[in-house]
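Residues per chain are reported as follows:
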Amino acid sequence: MEKNTYYNMVKKIGTIEEFSRLTGLGIDIIANRIKNGRQVPQSVIETLSYGANTSDRKEQESYVQEALAQRQERETVKELKKQVRFLTNALDESLKANSFKNYVSKSSVNINWKSDKTKTNSTIPVLFSSDFQAGEVIDFEYFGNSNFFNKKIFADRYMSMINQFIDISMQKGSHEGCFYLRGGDCISGGIHGELKDTDDMTNVEAASYVAHLESEGIKKLIDAFGKVFVISIPGNHGRIQNVSGMGNRNKQYVEHNMETIIAELIAAKFTGNDKVNFSIPKDGRAIFDIYNLKFLMTHGDRMPGGSGPKGVSTGHEKEILYYSNKGIHVDQVLSGHYHTSMRLPTGFSNGTLAGFGEYARDLGCRFDYPKQWMFIVEDNKLKGKITFATEIMLG
């Protein structure tokens, strides 16, 4: 009796490509099993019908599609379990830091950098970073050879951002310290089907990679400025989705976001270091003062006003009105999300390290290069003033 080896079964089907199509197995896998003389499992044999008519083939294809869907669901569950293990270990690492709660502020309204009264000209440089999209891949050919992005390019652009921020700041004189603002979407997160299919890092890999890289960047800022204040808020790309794919939420926005864990991992690396302070506001927005100039940092995905560049200006105005009704006067709004760099009377809209991609194109945004904002706030005795602002060009 003829054995049901992969070799014999492929011969009966006709071609290795057809066998691959019917079973859902990769051609390389099938070829390797033929080489090793492997037997075909009975479960696979039952899905095949030799000399089948068109109706049988359609039924087979339907069966294969269902099997592939089930396999995808198993892989999704496996990835979610992996994320849970990562989050659990990260929390454990954070809790082991004895002085952790002493330097991580959960407040969103009591962050205030006051000037050193012994100095006649106090200044603070601010690096507004957001929308790193680490893990996303942008193919050179899709945008007229104008942009390319992957894991390596992200790392290169990130360190270039840090180095340029330091160099430009030092050209403007000496400073009391610096602010490093983390405005959300530091990872791609695979939140859409096309991202999940094309990202070059899983969520866990991207989270670990970003935490390490940003820790190195903060070390450079400490060496350059002596004192660093880090404020972190999450974006929509870090949201943790459940098995059904639901990820959008307003309640507990911060608690259900991978970026919160990334922020706490970074903070935990600097346990006991009095040269750096961290704030991770629990409401996902940060309000802070620099020399009594009040800023609101929000990622932008929950900002009212609509999508695209026109929505940013409206969104800023509505945010200012919202806080004004609460008795809080906001001078400048800092937002990201739309991957479009703009300076507005109401504040700043940030670009992205990934550069121009499908998202910004489909929103109808103008073509833009990868860039991030920096500015310098000077103590004007009664109230701080932004005396210098520029885009850091990264590609």
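Residues numbered from 1 in each chain as written. Predicted model: local features only at pLDDT ≥ 70, side-chain atom pairs only at ≥ 80, totals over all residues. Heavy atoms only, no water.

S.K.: How would you sum up the overall build of the protein? Please name residues and give values.
M.R.: Along the backbone of the protein there are 12 helices and 13 strands. The proportion of buried residues among the 395 residues of the protein is 51%. At a minimum sequence separation of 6, the contacts of the protein that also span at least 24 residues come to 72%. When the accessible surface of the protein is totalled, it reaches about 19300 Å², and 50% of it is carbon and sulfur. (Helix = DSSP H or I, 4+ residues; strand = E, 2+ residues; numbered from the N terminus. Buried < 20%, exposed > 50% of the residue type's maximum accessible area, 1.4 Å probe, protein only. Contact = heavy atoms within 4.5 Å. Areas by Shrake-Rupley, 256 points an atom, 1.4 Å probe, with all protein chains shown as cover.)

S.K.: Provide a residue-level description of empty space enclosed by the protein, including the pertinent values.
M.R.: Taken as a whole and judged by the stated rule, the model has one cavity of 30 Å³ or more. Approximately 100 Å³ is the volume attributed to the largest cavity. Around the largest cavity sit 16 residues that line it, and Arg182, Gly183, Gly184, Ile233 and Glu259 are the ones nearest its centre. No other element matches helix 10 (residues 258-268), which puts three residues into the lining of the largest cavity. Its residues assigned to classes, the lining of the largest cavity shows six nonpolar, six polar and four charged. (1 Å grid on protein atoms, 1.4 Å probe; cavity = no way out; pocket = protein on both sides within 12 Å on 5 of 7 lines; lining within 4 Å. Points joined across faces, edges and corners; volume = space filled by probe spheres on them. Nonpolar A, V, L, I, M, F, W, Y, C, P; charged D, E, K, R; others polar.)

S.K.: Hey, could you go over the nonpolar core for me, with residue numbers and the actual values?
M.R.: Residues Phe154, Tyr158, Met161, Tyr180, Ile218 and Leu221 are the most contacted members of the largest nonpolar core, which totals 45 residues. Going through the elements one at a time, helix 7 (151-171), strand 4 (178-182), helix 9 (203-225), strand 5 (228-232), helix 10, strand 6 (276-279) and strand 12 (371-378) are the ones with two or more residues in this core. Apart from the residues lying within four places of it in its own chain, the contact partners of Ile218 are Tyr180, Val230, Ile266, Phe270, Val276 and Phe278. The next biggest cluster of nonpolar side chains, apart from the first, holds 21 residues, and it includes Phe128, Ile231, Ile233 and Val377. (Core = buried A, V, L, I, M, F, W, Y, C linked by side-chain atoms within 4.5 Å.)

S.K.: Which residues make up helix 2 (residues 16-23), and what values go with them?
M.R.: Those residues of helix 2 lying buried are Glu18, Phe19, Ser20, Leu22 and Thr23. Looking one or two places after helix 2, you find Gly24, whose phi comes out positive at around 80°.

S.K.: Quick one: what's the story with the pairing of strand 12, residue by residue and with numbers?
M.R.: Of all eight residues in strand 12, seven are buried; the element is thus mostly enclosed. Examined bridge by bridge, strand 12 and strand 13 (residues 385-393) share eight bridges and lie antiparallel to one another. When the sheet's bridge partners are listed, Val377 is paired in strand 13 with Ile386. Here strand 12 folds back onto strand 13 in antiparallel fashion, the turn holding six residues, of which Lys381 has a positive phi close to 70°. (Pairing = 2+ DSSP bridges.)

S.K.: Could you give an account of the environment of Val10, with specific residues and numbers?
M.R.: Among the structural elements, Val10 can be located in helix 1 (residues 6-13). For Val10 and Ile30, which are 20 residues apart along the polypeptide, the C-alpha to C-alpha distance reads 9.0 Å. Ignoring sequence-local partners within four residues, the contact set of Val10 consists of Thr15, Ile16, Phe19, Ile30 and Ile34.

S.K.: Can you lay out the confidence of the model for the protein for me, pointing to particular residues and giving the numbers?
M.R.: Interpreting fine coordinate detail is not advised for predicted regions of low pLDDT. Averaged over every residue, the pLDDT of the protein is 82; the share at 70 or more is 76%. Low pLDDT, under 50, characterises residues 50-54; the predicted model gives this stretch six contacts beyond four residues in sequence or across chains. Within the model, the stretch residues 243-247 combines pLDDT values under 50 with six contacts to residues more than four positions away or in other chains. (pLDDT = per-residue confidence, 0-100.)

S.K.: Mind laying out the packing of helix 1 against helix 2, listing which residues take part and the relevant values?
M.R.: With their axes 8 Å apart at the nearest point, helix 1 and helix 2 run at an angle of 100° to one another. In this view, helix 1 runs roughly perpendicular relative to helix 2, as classed from their interaxial angle. For the pair helix 1 and helix 2, the contacting residues are Tyr6, Met9, Val10 and Ile13 in the first and Ile16, Glu18, Phe19 and Leu22 in the second. (Axes fitted to C-alpha atoms, helices over the stretch in contact; angles between N-to-C directions. Parallel < 35°, antiparallel > 145°, perpendicular 65-115°, else oblique.)

S.K.: Account for the side chain of His175, with residues named and values stated.
M.R.: Structurally, His175 is set in the loop between helix 7 and strand 4. You can call His175 buried: its relative accessible area is 12%. A polar side-chain atom of His175 sits 3.0 Å from the main-chain carbonyl oxygen of Gly173. (Polar contact = N/O pair within 3.5 Å; in protein donor to acceptor, adjacent residues only side chain to side chain.)

S.K.: Describe unusual backbone geometry, with residues and values.
M.R.: One non-glycine residue, Asp131, adopts positive backbone phi at about 55°. Turning to its location among the elements, Asp131 is positioned in the loop between strand 3 (123-129) and helix 7. Taking the relative accessible area as the measure of exposure, Asp131 reaches 0% and is therefore buried. In this model, Asp185 sits at a positive phi of 60°, which is unusual for a non-glycine residue. Residue placement: Asp185 occurs in the loop between strand 4 and helix 8 (193-198). Residue classification places Asp185 among the buried positions, given a relative accessible area of 1%.

S.K.: Talk me through the side chain of Arg285; I want residue IDs and the actual numbers.
M.R.: Summarising the element assignment, Arg285 is placed in strand 7 (residues 285-290). Engagement of the side chain of Arg285 in a polar contact is seen with the backbone oxygen of Arg302, the distance being 3.4 Å.

S.K.: If you had to explain the packing of aromatic side chains to someone new, which residues and values would you point to?
M.R.: This model, assessed by the stated rule, comprises 14 aromatic pairs. Both rings, one in Phe179 and one in Phe288, keep their centres 5.6 Å apart while their planes meet at 20°; by these two values the pair is stacked. Note that Phe179 is positioned in strand 4 and Phe288 in strand 7, a separation of 109 residues in sequence. You'll find Phe179 and Phe288 in the same group, each marked buried. Geometrically, the ring pair formed by Tyr322 and Tyr323 is edge-to-face, given 4.9 Å between the ring centres and 85° between the ring planes. Judged by its relative accessible area of 44%, Tyr322 falls in the partly exposed class. The class for Tyr323 is buried, based on a relative accessible area of 5%. These aromatic residues form a ring-pair network of at least three members: Phe179, Phe229, Phe288, Phe295, Phe348, Trp373 and Phe375. Positioned above the aromatic ring of Tyr209 is the side chain of Lys151, whose terminal nitrogen or guanidinium carbon lies 4.7 Å from the ring centre. (Phe/Tyr/Trp six-rings, centres within 6.5 Å; stacked < 30°, edge-to-face > 60°. Lys NZ or Arg CZ within 6 Å of the ring centre and 35° of its normal.)

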